[in-house]
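So you can see what is in the structure, the chains are spelled out below.
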Amino acid sequence: MKKYTPLFLLGGLLVILVGLVAVNFNKEAIDFTSSTRTIAGCNVGVVSIDGSIDTNRADGQLDSLTIAQTIRSLGTENKKALLVLIDTPGGTASAAEEIARALDDVNLPTAALVRGRALSGGYWVAASTDHIIAQSTAMVGNIGVTSSYLEETELNKQKGYTFREITSGEYKEVGNVNKFLSTVHRQYLQDRTNEIFKIFESVVKVQRGLNQEELNRVADGKFYIAEEALRLRLIDEVGGIAETKAYLAKVLDVEPTNLLFGEPAKFGS
């Protein structure tokens, strides 16, 4: 059911959850705490994405490879399901794809709970799970690609700087902030951006089961609050941790009280 591929910069990712729920699961335990009792007894793996995602470990960015490795690791443990907590403005296309592929590799029921934002690349990640739940105030969507940048040619001219281009090909310096962007080169960047956008669109179309008309309605860069996102079929439910647990319990054919969510794996500083 799941297919994934690349994308440029996606503006729009996932975080920890609040909600301490007492549960009896062979032993006393509490959801979303760091107690050893919870670690020992949890049967639902939890990953928290709460910042911008990138394929590099840059300052202020979450490393998608670490997230993907954690997801795959949880999938090999004695878990019944996997939950992704999301609060992210997005990130790069490649980072979103890398996490999405990891989710596809996990042979477990998966769900996403959007706590604040699942925008652009963050929505790509959410759409790669089996079921999306969003809190009523959450922002969802922002389906689009950007390769915009701040050109500094006029500023350099004012300061008396001259950019000397020495390259092996006409397109090697396209996108350099110090180089004037010609009409031809602008179209070149626009075409590449559109190619990646088509990949993003196809992921959403397949994952959410949208027809072309439904896809066109939401693939214009807009974001939506949860109720509208539900109407547009970008999510499956409006709710929180209780609804998430109820969904997974139904899929697994167990009582909600038999599911214990472990402490979220978090990334970044």
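The rules behind each value
Residues numbered from 1 in each chain as written. Predicted model: local features only at pLDDT ≥ 70, side-chain atom pairs only at ≥ 80, totals over all residues. Heavy atoms only, no water. Helix = DSSP H or I, 4+ residues; strand = E, 2+ residues; numbered from the N terminus. Buried < 20%, exposed > 50% of the residue type's maximum accessible area, 1.4 Å probe, protein only. Areas by Shrake-Rupley, 256 points an atom, 1.4 Å probe, with all protein chains shown as cover. pLDDT = per-residue confidence, 0-100. Contact = heavy atoms within 4.5 Å. Salt bridge = Lys/Arg side-chain N within 4 Å of Asp/Glu carboxyl O. Core = buried A, V, L, I, M, F, W, Y, C linked by side-chain atoms within 4.5 Å. Pairing = 2+ DSSP bridges. Right-handed = clockwise from strand over helix to strand, strands pointing away.

**Some points on the overall build of the protein**
- The helix and strand tally for the protein stands at nine helices and 13 strands.
- Burial analysis of the protein (269 residues in total) assigns 48% to the buried set.
- Carbon together with sulfur atoms contributes 49% to the accessible area of the protein, which is approximately 13,300 Å² in total.

**Describing the confidence of the model for the protein**
- In this model, the protein carries a mean pLDDT of 86, and residues with pLDDT of at least 70 account for 85%.
- Contacts of residues 12-30 to residues separated by more than four positions or lying in other chains number 80 contacts, the stretch itself having pLDDT below 50.
- Counting interchain partners and residues more than four positions distant, the pLDDT-below-50 stretch residues 33-37 has eight contacts.

**Some points on the pattern of salt bridges**
- Enumeration over the complete set of coordinates arrives at twelve salt bridges.
- The closest approach of N and O atoms between Lys157 and Glu154, which form a salt bridge, is 3.5 Å. Highlighted residues: Lys157 and Glu154, both in helix α5 (residues 153-159), separated by three residues, approximately one helical turn.
- You can call Lys157 exposed: its relative accessible area is 58%.
- The salt bridge partner of Lys222 is Asp220, with a shortest N-O separation of 4.0 Å.
- For Asp220, a relative accessible area of 44% gives the class partly exposed.

**What to know about the nonpolar core**
- Ranked by internal contacts, the top residues of the largest apolar core, which has 50 residues, are Ile49, Ile53, Ile67, Ile71, Tyr123, Ile143 and Leu234.
- If you look at the next biggest cluster of nonpolar residues, it comprises 14 residues, including Val46, Leu83, Ala249 and Phe261.

**Some remarks on the environment of Leu74**
- Relative to the helices and strands, Leu74 resides in helix α2 (residues 64-76).
- Leu74 gets classed as buried once you look at its relative accessible area, which sits at 12%.
- Note: C-alpha distance between Leu74 and Gly45 (29 residues apart in sequence) is 6.0 Å.
- Leaving out residues up to four positions away in the same chain, Leu74 has contacts with Gly45, Val46, Val47, Lys79, Leu82 and Leu108.

**A closer look at the environment of Asp130**
- In this structure, Asp130 sits in the loop between α4 (121-127) and β10 (131-134).
- Residue classification places Asp130 among the partly exposed positions, given a relative accessible area of 30%.
- As for Asp130 and Asp104, which are separated by 26 residues in sequence, their C-alpha atoms are 9.6 Å apart.

**Some points on unusual backbone geometry**
- Phi is positive for Arg233, which is not a glycine, with a value near 70°.
- As for its placement among the helices and strands, Arg233 is situated in the loop between α8 (226-231) and β13 (237-238).
- For Arg233, a relative accessible area of 34% translates into the label partly exposed.

**Observations regarding the pairing of strand β9 (residues 110-119)**
- With nine of its ten residues buried, β9 lies for the most part within the structure.
- In this structure, β9 lies alongside β10, joined through four bridges in parallel fashion. Of the residues in β10, the one forming a bridge with Ala112 is Ile132.
- Considered for its hand, the β-α-β crossover made up of β9, α4 and β10 is right-handed.
- For β9 and strand β11 (residues 139-141), the ladder comprises three bridges, and the chain directions are parallel.

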